[in-house]
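Here is what each chain is made of, one letter per residue.
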Amino acid sequence: MKSAVETLNPTRVRLTVEVPFEELKPSLDAAYKKINQQVTVKGFRQGKIPARVIDQRFGRGAVLEEAVNDALPKFYTEAVNEGELNVLGQPEVDITELKDGELLTFTAEVDIRPALEIPDYSGIEVEVDAVEVSDEDIDKSVEQLRDRFASTTPVERAAEDGDVLTVDLEAKVDGEVLEDGVAQGVSYTVGSGELLDGIDEAVKGLKAGESGTFTSELKGGSAAGKEAEVKVDVTAVAARELPALDDDFAQLASEFDTLEELRADSAKRLAQMKKYDQATQAQEKVLDELLKLVEVPMPEKLLADEIETRKHNLVNHQLGQMGLDLAKYLEIQGKTEEEFDAETKEQAEKGIKTQFILDELVNKEKLNVSQEELTEHLMRRAQSSGMSPDQFAQAVVEGGQVPMLVGEVARGKALAVVVEAATVKDTNGEIVDLDDEDETAETTEAVEASEAEGTDTEKAEKAEKTEG
């Protein structure tokens, strides 16, 4: 076999492969054997039909076609390895010559990873938010904890903001009660913004035993997206009572004896959270600066496939589960289809660039992934997926996704190298020290976020919240 590589552009090549006919013999033998098992010829036992009879009865062309289809993947792979190509996706193959008994010639066009030059990145500088915890932040945190320990007391008065109601709901569309439009004994906090638009205005001022009606667009169910007339019956009204902010509350809600100790712990936890957010912000900004430094030719077919995959996942998975279609989603987002397409393309390009650049850094810095690092990453991924580590690991192995996870960890380590070399200052002008035992984990998460920036899932969830 002989092969030659022609560079069509920085991200695509054409392979020309010549195969002497004798090298097709194993595939020809396999083709005759396969056809032997599939056909019957009078006078011959199945599987024992001579090759000349198969040629006479079914045509030599059918045998050659079967043999070539069997042989092409092997010769293509050999040509790729011979050319030391890092290919992307499936090739477009064209058989240019097939001379029976003499020669097979074919071409294969395929995208390749572009060669990248990674410049000196030690001069990257970014600014991040300072870690500052105010009294207002602490007050809000304590109030949230206090809210969790609120109690309710039945009242005879009309419903007000903050009251917890028990309600029955009945939704009609075009005057007909929906089969899935009836709910009883629903607990609802007035002013929470949950359930349906318009319910707060309908229930305020109602006492137990009274009813109201309102019009609202249904967010799910058989009539999702349609306007419905909703009747709401208030069966109970209860006032929420917050515990007093004192030492007794601290002992009730925590392991601390005094409110002062509880507030000090809240301040510590808030500082840790803001430190984590600061590190994430630094990683994202450093990555953005790194992307600006490197010119990355974009493989057109890979980009087109990535865009199509993102749109497919959004429309057929996330939005479908929420009872939304693309038109409704765009309406909620306040975007045209052209704006959505442009945004999707931009995000896909960023994800591809991120992977290419960090993979190049992995090679340049000779970074390896240890079993311990892979296991820790698997545990985190399992937790975020809602699966047990064993279930997730089994799914990863069965799906052949281990190399993908290794790549994620390796790219996280590559970004950590760049972050460590960069200068990170906070808004107060202070140098930020990001040394942390979880730095690789955090940078891995930052890489994943960038590769799927503004992912369809995330945007769909935002759309659902806006709709609600």
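Note that the coordinates shown come from a computational prediction; the quantities given were computed from them, not determined experimentally. (Residues numbered from 1 in each chain as written. Predicted model: local features only at pLDDT ≥ 70, side-chain atom pairs only at ≥ 80, totals over all residues. Heavy atoms only, no water.)

**Student:** I'm lost on the packing of aromatic side chains in this one. Help?
**Tutor:** What describes a pair of aromatic rings is the distance from one ring centre to the other and the angle between the planes of the rings. In this structure the tally under the stated criterion is two aromatic pairs. Look at Phe-149 and Phe-249: their rings are 6.3 Å apart centre to centre, the planes differ by 85 degrees, and that puts the pair in the edge-to-face class. Of this pair, Phe-149 sits in the loop between helix H4 (135-148) and strand S6 (151-154) while Phe-249 sits in helix H6 (residues 247-253), and the two are 100 residues apart along the sequence. Aromatic pair Tyr-329 and Phe-340: ring centres 6.4 Å apart, planes at 85 degrees, arrangement edge-to-face. (Phe/Tyr/Trp six-rings, centres within 6.5 Å; stacked < 30°, edge-to-face > 60°. Helix = DSSP H or I, 4+ residues; strand = E, 2+ residues; numbered from the N terminus.)

**Student:** Would you explain the sheet that holds strand S3 (residues 87-99) in this entry?
**Tutor:** By definition, the strands of a sheet pair up through backbone hydrogen bonds, in either a parallel or an antiparallel sense. If you walk across this open sheet you meet the four strands as S1-S2-S4-S3, and the pairing is antiparallel. Here the strands that pair on one side only, and so sit at the sheet edges, are strand S1 (2-9) and S3. Strand-to-strand twist across the sheet, computed as the mean angle between neighbouring axes with direction ignored, equals 20 degrees. Two elements, S1 and strand S2 (residues 12-20), share seven bridges in a ladder whose sense is antiparallel. Bridged to Val-5 within S2 is Leu-15. Helix H3 (residues 60-82) contacts S1, S2, S3 and strand S4 (103-112) of the sheet and is inclined by roughly 125 degrees relative to S3. (Pairing = 2+ DSSP bridges. Axes fitted to C-alpha atoms, helices over the stretch in contact; angles between N-to-C directions. Contact = heavy atoms within 4.5 Å.)

**Student:** Explanation requested: a negative patch on the surface in the structure shown.
**Tutor:** A grouping of Asp-247, Asp-248, Asp-257, Glu-260 and Glu-261 is seen on the molecular surface, where their side chains present a negatively charged patch. Looking at the element boundaries, Glu-260 is found in helix H7 (residues 259-293). Residue Glu-260 is classed as exposed on the basis of its relative accessible area, which comes to 67%. (Patch = residues over 30% accessible without salt bridge, like charges linked within 9 Å, V, L, I, M, F, W, Y side chains within 5 Å. Areas by Shrake-Rupley, 256 points an atom, 1.4 Å probe, with all protein chains shown as cover. Salt bridge = Lys/Arg side-chain N within 4 Å of Asp/Glu carboxyl O. Lys, Arg positive; Asp, Glu negative; His and termini not counted. Charge placed at Lys NZ, Arg CZ, Asp CG, Glu CD. Buried < 20%, exposed > 50% of the residue type's maximum accessible area, 1.4 Å probe, protein only.)

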